[in-house]
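# Coordinate inspection notes
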Amino acid sequence: MLDLLARLGRIGIGSLEQLGRGHLLLLYMVVGVGELFTHPRLLLKQLYSVGVLSLLIVAISGTFVGMVLGLQGYYILSQFGAEQTLGVMVSASLVRELGPVVTALLFAGRAGSALTAEIGLMKATEQLSGLEMMAVNPVKRILTPRFFAGHISMPMLAAMFSALGVMGGYFVGVGLLGVDDGAFWSQMQAKIDFDDDVLNGVIKSLVFGLVCTWIALFQGYSAVPTAEGVSRATTRTVVHSSLAVLGLDFILTALMFGE
Amino acid sequence: MRDDKPLVTIRGLRFLRGDRAIFDGVDLDIPRGKVTAIMGPSGTGKTTLLKLIGGQLRPAAGTINVDGELVHQLATRDLYRLRMRMGMLFQSGALLTDISVFENVAYPLREHTGLPESLIRKLVLLKLEAVGLRGARDLMPHELSGGMARRVALARAIALDPMMIMYDEPFTGQDPISMGVLVKLIRSLNDASRLTSIIVSHDVREAAQIADYIYLISNGIVIEHGVPEAMLSSASEWTSQFMNGLADGPVPFHYPAPALEQDLMGAAG
Amino acid sequence: MNNNRMLEITVGAFMALGLLALFFLSMQVSNLSAASSGGGYNVEARFDNIGSLKVRSPVTMAGVRVGRVSAIDFDRKTFEAVVTLHIDSDYEQAIPDDTFAKIFTAGLLGEQYIGLDAGGSPNFLAEGGKISLTQSALVLEEIIGQFLFSKAEEGGKVE
């Protein structure tokens, strides 16, 4: 009985310690922001590997998600004779929810896992220690550019996802199923609000960008420096990021759209 | 006369990993301008010792004094300034894998000196020449053999002309030729630029060949220290077992276990 | 160095695409161009019953959206609903002070909105103005109740 209690306590202390280390790392990364101005190249390189390389998967997924929404939405809405509002349905679900959330999930799988593996391997091959012994702060030099690259890329990717999704929905709804072109756009414009929908979506993806990159970098940085340790850390990144995104999405939605 | 004082002085060093004491009261002196080897069986925390000297880890107790500064009490800024005067050669080389050999050697120079590009180029080529790899400057780290990677890392470690270099297992996993090259390099670098070298190793023959002084560490304490000749012919059973590589001795061949008969009987019952 | 240039170009293109998508979302999908949410003014209207009117419901005039409901409160003394209407800045000096405010329903089951019928006064509403002529929301249950009641009365007479 007491053993069980002690084990519970140990787990609690352990996770608190993890949490503390994670926040310290976040603090150090944010404090290192000056590094980006002295070495803009570093950020550029990371924007490429975090953002540009995730572009393809995000663009394709966005288009297809939009097309599926167009199809599904059409069949449901046409039962109420409300096909005209297809544009509203597609764009509202994309801009508010699917854009930020699905992009974040894809990001965690594509860029997050890559970041963790990269940092973990740099740790395993002593490159981080090596930098430290060269009197270079690895958090500032290696982690900070990646962190901000993720933070910047995520809203961009989410916006592209939503925009392409709307196009996909338009293609299916107007192009294939014969919804009226004018109604599609005008209903959409009448119902979608910039502050409530677009801006909130951007805020969501900013938060997700922070959380996903943070988790990925922290997992990589605190990975056990062996092949097994890095692979575990990579798995953890994807699992933790996905859960965090879905959980946070609920909280953010409740805060933003609840009254 | 300042040269008489040891560069690194360690007193009463205690370091814990979890509940296990890696070091428990280690006293060490690293003399200036000499090659000092720190030897011991695997798992005695030799690498940990280098990290402690480099300030990457902090001791639970005791003092580590490097060139008059207490490493473990330095503020980050001062620690980094001190590290600029230390070079460290990691076991794997620890080259940055996404930039070329040239850029790797240039890295600390670009980082810590505001030298113009033309001068950096000259310095890098000189350092690469010193390790015999000037021709390999455009290769990427993954194109190098293990021995070459270590030599590039060595060129990088001496890029800022440090006062001392720490070698972490420099001979492990090297073929005899690159081993010979490294032995020669370490010795000649030490003598040519009046460096202080610390070698952590368990390769007795190579270490004994180039070291001026040897510390033998096991179970968290210094077992014995002295010049190589004295160590090789030491009267201590433990030292002679390690230095001559005998299978059984004070360090038992068997991992602690209950008596064999008892274990076998237990399995049957 | 060609490599560096490629990197710069691709990252630049990435950023441009991202901004373009954001621009598309704000201009084409939502209606940022029309809804200049910066300026505008608030007027107040009191209703006996607002039905299912909500904050952010549209306010229209002759079918044109001129603003939105920005707050709904309850007056403890008069037991009325106090609705604050935010009128966009484009419609300053456009709503006479004897305007009639009604709560309509879009379609049979659609959401409710406020329709303004312009009066004939030469004075216009400004910040803090009040609309005194209002008509409450039609509540379906009440209408049905009234209908049944009158039918019952009719039936009673015949008998």
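Residues numbered from 1 in each chain as written. Chains lettered and ligands numbered in written order. Predicted model: local features only at pLDDT ≥ 70, side-chain atom pairs only at ≥ 80, totals over all residues. Heavy atoms only, no water.

## Things to note about the overall build of chain A
Along its length, chain A carries 9 helices and 0 strands. Traced from its N-terminal end to its C-terminal end, chain A shows the element sequence α-α-α-α-α-α-α-α-α. Its C-alpha atoms give chain A principal-axis dimensions of about 65 × 55 × 35 Å. Looking at chain A as a whole, 50% of its 259 residues qualify as buried. The long-range fraction of contacts in chain A, counting pairs at least 24 apart against all pairs at least 6 apart in sequence, stands at 84%. In chain A, the 15 positive side-chain charges and the 17 negative ones have mean positions that sit 13 Å from each other. (Helix = DSSP H or I, 4+ residues; strand = E, 2+ residues; numbered from the N terminus. Buried < 20%, exposed > 50% of the residue type's maximum accessible area, 1.4 Å probe, protein only. Contact = heavy atoms within 4.5 Å. Lys, Arg positive; Asp, Glu negative; His and termini not counted. Charge placed at Lys NZ, Arg CZ, Asp CG, Glu CD.)

## A few points about the packing of aromatic side chains
The way to describe two aromatic rings as a pair is by their centre distance and the angle between their planes. Counted by the stated rule, this structure contains 9 aromatic pairs over all chains. Measuring from ring centre to ring centre gives 5.4 Å for Tyr170(A) and Phe184(A), while their planes differ by 65°; the resulting arrangement is edge-to-face. Here Tyr170(A) is found in helix α6 (residues 138–176), whereas its partner Phe184(A) is found in helix α7 (residues 181–191), with 14 residues between them in sequence. Residue Tyr170(A) is classed as partly exposed on the basis of its relative accessible area, which comes to 24%. Among the aromatic side chains, those forming a connected cluster through ring pairs are Tyr170(A), Phe184(A), Trp185(A) and Phe24(C). (Phe/Tyr/Trp six-rings, centres within 6.5 Å; stacked < 30°, edge-to-face > 60°.)

## A few points about helix α3 (residues 40–79) of chain A
Residues and elements named next belong to chain A. Under the 1.5 Å per step criterion, the end-to-end length of α3 is 55 Å for 40 residues, consistent within 8% with the ideal 58 Å. Along its length, α3 reaches its greatest deviation from straightness, about 40°, at Leu55. Just past α3, the residue Gly81 takes up positive phi, approximately 65°. (Expected span 1.5 Å × (residues − 1). Bend = angle between axes of the 7 residues up to and from the residue.)

## Notes on the pattern of salt bridges
Where charged atoms of side chains with opposite charge meet at close range, the side chains can pair. Applying the stated criterion across every chain yields a total of 27 salt bridges over all chains. Among the salt bridges present, the one from Glu8(C) reaches Arg41(A), with a minimum N-O distance of 3.4 Å. With one member in each of two chains, Glu8(C) in helix α1 (residues 2–29) and Arg41(A) in helix α3 form a pair that bridges those chains. Ionic pairing is found between Asp29(B) and Arg11(B), a salt bridge with its closest N-O pair at 3.2 Å. On the criterion of sequence distance, the pair formed by Asp29(B) in strand β2 (residues 20–30) and Arg11(B) in strand β1 (residues 8–17) is long-range, its members being 18 residues apart. Looking at Asp29(B), the relative accessible area reads 25%, which means it is partly exposed. Overlapping salt bridges, with partners in common, bring together Arg32(B), Asp67(B), Glu69(B) and Arg85(B) in one network. (Salt bridge = Lys/Arg side-chain N within 4 Å of Asp/Glu carboxyl O.)

## Details of the nonpolar core
Counting residues in hydrophobic clusters, the biggest one holds 72 residues, and the most contacted among them are Met29(A), Leu143(A) and Val29(C). Of the residues forming this core, the biggest block, 15 residues, is contributed by α6(A). Leaving out residues up to four positions away in the same chain, Met29(A) has contacts with Val139(A), Leu143(A), Thr144(A), Phe147(A), Phe148(A), Trp214(A) and Leu217(A). Counting residues in each nonpolar core, the second largest holds 35 residues, with Val131(B), Val152(B), Leu154(B) and Phe171(B) among its members. (Core = buried A, V, L, I, M, F, W, Y, C linked by side-chain atoms within 4.5 Å.)

## Here we look at a nonpolar patch on the surface
A cluster of nonpolar side chains, namely Leu138(C), Leu140(C), Ile143(C), Ile144(C), Phe147(C) and Leu148(C), defines an oily patch on the protein surface of about 600 Å² accessible area. With respect to the helices, strands and loops of the structure, Ile143(C) is situated in helix α2 (residues 140–158). (Patch = residues over 30% accessible without salt bridge, like charges linked within 9 Å, V, L, I, M, F, W, Y side chains within 5 Å. Areas by Shrake-Rupley, 256 points an atom, 1.4 Å probe, with all protein chains shown as cover.)

## Regarding empty space enclosed by the protein
Per the stated rule, a full pass over the model turns up 2 cavities of 30 Å³ or more. For the largest cavity, the calculated volume is near 140 Å³. Lining the largest cavity we find 16 residues, and of these Met134(A), Met86(B), Gly87(B), Arg156(B) and Ala157(B) sit closest to its centre. When contributions to the lining of the largest cavity are tallied by element, the ones reaching two or more residues are α5 (127–133) of chain A together with β6 (86–89) and α5 (146–157) of chain B. Looking at the lining of the largest cavity residue by residue, the class counts come to 12 nonpolar, 2 polar and 2 charged. Considering only enclosed or pocket space, the second largest cavity measures out at about 70 Å³ in volume. In terms of lining residues, the second largest cavity is bounded by Val95(A), Pro100(A), Pro155(A), Ala158(A), Ala159(A), Ser162(A), Val198(A), Gly201(A), Val202(A), Ser205(A), Leu22(C) and Leu25(C). When its residues are assigned to classes, the lining of the second largest cavity shows 9 nonpolar, 3 polar and no charged. (1 Å grid on protein atoms, 1.4 Å probe; cavity = no way out; pocket = protein on both sides within 12 Å on 5 of 7 lines; lining within 4 Å. Points joined across faces, edges and corners; volume = space filled by probe spheres on them. Nonpolar A, V, L, I, M, F, W, Y, C, P; charged D, E, K, R; others polar.)

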